[in-house]
Amino acid sequence: MSLSVKRTHLKIPVLDSPVKLCYIKFMRIAIIDDEKLICEGLKIIFQSYPDIEVIATGSNGNDALKICEEKNPELLLMDIRMPECNGVEATKKIKKSFPDIKILILTTFNDTEYIQKALQYGASGYLLKDSSPDVIYDGIKAAISGNIVINPEVAKTMLFENHEEEERVIRPLSEIQDEFGLSQKEIEIIRLVAEGLSNKQIAYKQGLSEGTIKNNISVIFDKTFVSDRTQLAAFAFKNGIV
């Protein structure tokens, strides 16, 4: 007696093209605020964004430094007024030991002196605490990309505080263009920087690439004798461009 075995063949589908796997690059951030409700609230909000990973939270600058030592976040979203070690002191310590970690300061209109010091120590910018989540999200992306994040109203306040006795003279734009060798396009870019837009947002408005805008801003820095976006915003306010 013989047994016959019937073989079955599995049909394996053949794809016309290789399957492409998409990987999301997470932005690894830590949130530092002495008000627990705010800290936990921000954590919940930003954990809902698909490309943000909140890796730690803390309540003061000492916590922030420890988090940098142990978890190496890409960015700290940090309050400026905190007990034990405030945001300014923390920025100074962190940027000295971890220069590649970005620091975005959360502040109020009344903290202009603190803001200036934090920027001097290497903070990537500042946003108001009552900003919408999407504005803070855009600020996080901009800071991690190497941009300086500013709030135009706070920048204006700082400018007027630093030049209280100076009269703001509004001159024709043509005079400013002639004096500094600025084109009309460069004047418009200065205006958008002063309004707090990131390179990506400016590129979209101008119909240009982000790289082109970055190069344009570098040229504008040289022409206006400034070294960062906050100083350029001050230049814009002082000269009546905005």
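The shown structure was predicted, so the numbers you read here are calculated from the model rather than taken from an experiment.

Draft legend 1. Structural detail: the packing of helix H8 (residues 184-194) against helix H10 (residues 210-224). Viewed as axis vectors pointing N to C, H8 and H10 meet at an angle of 95 degrees, and their least axial separation amounts to 10 Å. As the angle between them shows, H8 and H10 are arranged roughly perpendicular. In this structure, H8 uses Lys185, Glu186, Ile189, Ile190 and Val193 to contact H10, whose residues at the interface are Ile213, Asn216, Ile217, Val219, Ile220, Lys223 and Thr224. Residue composition of the contact of H8 with H10, grouped by class: 7 nonpolar, 2 polar and 3 charged.

Draft legend 2. Inspection of the packing of helix H2 (residues 61-71) against helix H3 (residues 87-97) at higher detail. Where H2 meets H3, the axes come as close as 9 Å, and the angle between the chain directions of the two elements is 20 degrees. Relative to H3, the element H2 lies roughly parallel. The handedness of the crossing between H2 and H3 comes out as right-handed. Only Ala90, Lys93 and Ile94 of H3 make contact with H2, whose side of the interface consists of Gly61, Asn62, Ala64, Leu65 and Cys68. Counted by class, the contact of H2 with H3 contains 5 nonpolar, 2 polar and 1 charged residues.

Draft legend 3. View of the packing of aromatic side chains. Considering all chains together, one arrives at 3 aromatic pairs under this definition. With 4.5 Å between their ring centres and 25 degrees between their planes, tyrosine 49 and tyrosine 137 make a pair best called stacked. With tyrosine 49 in the loop between helix H1 (36-47) and strand S2 (52-58) and tyrosine 137 in helix H5 (residues 133-144), the pair connects residues that are 88 residues apart, well separated along the chain. Tyrosine 49 sits in the buried class, given a relative accessible area of 15%. Classification of tyrosine 137 by relative accessible area gives buried; the value is 12%. Judged by centre distance (5.0 Å) and plane angle (85 degrees), the ring pair of phenylalanine 180 and phenylalanine 235 falls under edge-to-face. Here phenylalanine 180, found in helix H7 (residues 173-180), pairs with phenylalanine 235, found in helix H11 (residues 229-238); they are 55 residues apart in sequence, far enough to count as distant. Phenylalanine 235 shares its class with phenylalanine 180; the two are buried. Taken together through their ring pairs, the aromatic side chains of Phe46, Tyr49 and Tyr137 make up a single cluster.

Draft legend 4. Spatial organisation of the pattern of salt bridges. If you walk through the whole model with that rule in mind, you get 4 salt bridges. A salt bridge links aspartate 79 to lysine 129; the nearest nitrogen and oxygen atoms lie 3.3 Å apart. Of this pair, aspartate 79 sits in strand S3 (residues 75-79) while lysine 129 sits in the loop between strand S5 (125-128) and H5, and the two are 50 residues apart along the sequence. Overall, lysine 129 belongs to the partly exposed group, its relative accessible area being 30%. For glutamate 188, the salt bridge identified is with arginine 191, shortest N-O distance 2.6 Å. One end of the pair, glutamate 188, and the other, arginine 191, are both in helix H8, 3 residues apart, so they sit about a helical turn from each other. Taken together, the shared-partner salt bridges in this structure form one network comprising Asp33, Asp79 and Lys129.

Draft legend 5. Representation of the sheet that holds S5 in the model. Strands sit in the order S2-S1-S3-S4-S5 across an open sheet of 5 strands; the sheet is parallel. Two strands close off the open sheet at either side, each with one partner strand: S2 and S5. Each strand axis lies, on average, 25 degrees off the axis of its neighbour in the sheet, ignoring direction. Inspection of the sheet shows strand S1 (residues 27-32) paired to S3 by 4 bridges, in the parallel sense. Among the inter-strand pairings, alanine 30 is bridged to a residue of S3, identified as leucine 76.

Draft legend 6. Structural detail: the environment of glycine 139. Structurally, glycine 139 can be placed in helix H5. Residue classification places glycine 139 among the buried positions, given a relative accessible area of 5%. When the C-alpha atoms of glycine 139 and serine 198 are compared, they prove to be 8.0 Å apart, with 59 residues separating the residues in sequence. Other than its neighbours up to four places away in sequence, glycine 139 contacts Leu104, Leu127 and Val149.

Rules of the game
- Residues numbered from 1 in each chain as written.
- Predicted model: local features only at pLDDT ≥ 70, side-chain atom pairs only at ≥ 80, totals over all residues.
- Heavy atoms only, no water.
- Axes fitted to C-alpha atoms, helices over the stretch in contact; angles between N-to-C directions.
- Helix = DSSP H or I, 4+ residues; strand = E, 2+ residues; numbered from the N terminus.
- Parallel < 35°, antiparallel > 145°, perpendicular 65-115°, else oblique.
- Contact = heavy atoms within 4.5 Å.
- Nonpolar A, V, L, I, M, F, W, Y, C, P; charged D, E, K, R; others polar.
- Left-handed = near helix turned anticlockwise from the far one by under 90°.
- Phe/Tyr/Trp six-rings, centres within 6.5 Å; stacked < 30°, edge-to-face > 60°.
- Buried < 20%, exposed > 50% of the residue type's maximum accessible area, 1.4 Å probe, protein only.
- Salt bridge = Lys/Arg side-chain N within 4 Å of Asp/Glu carboxyl O.
- Pairing = 2+ DSSP bridges.

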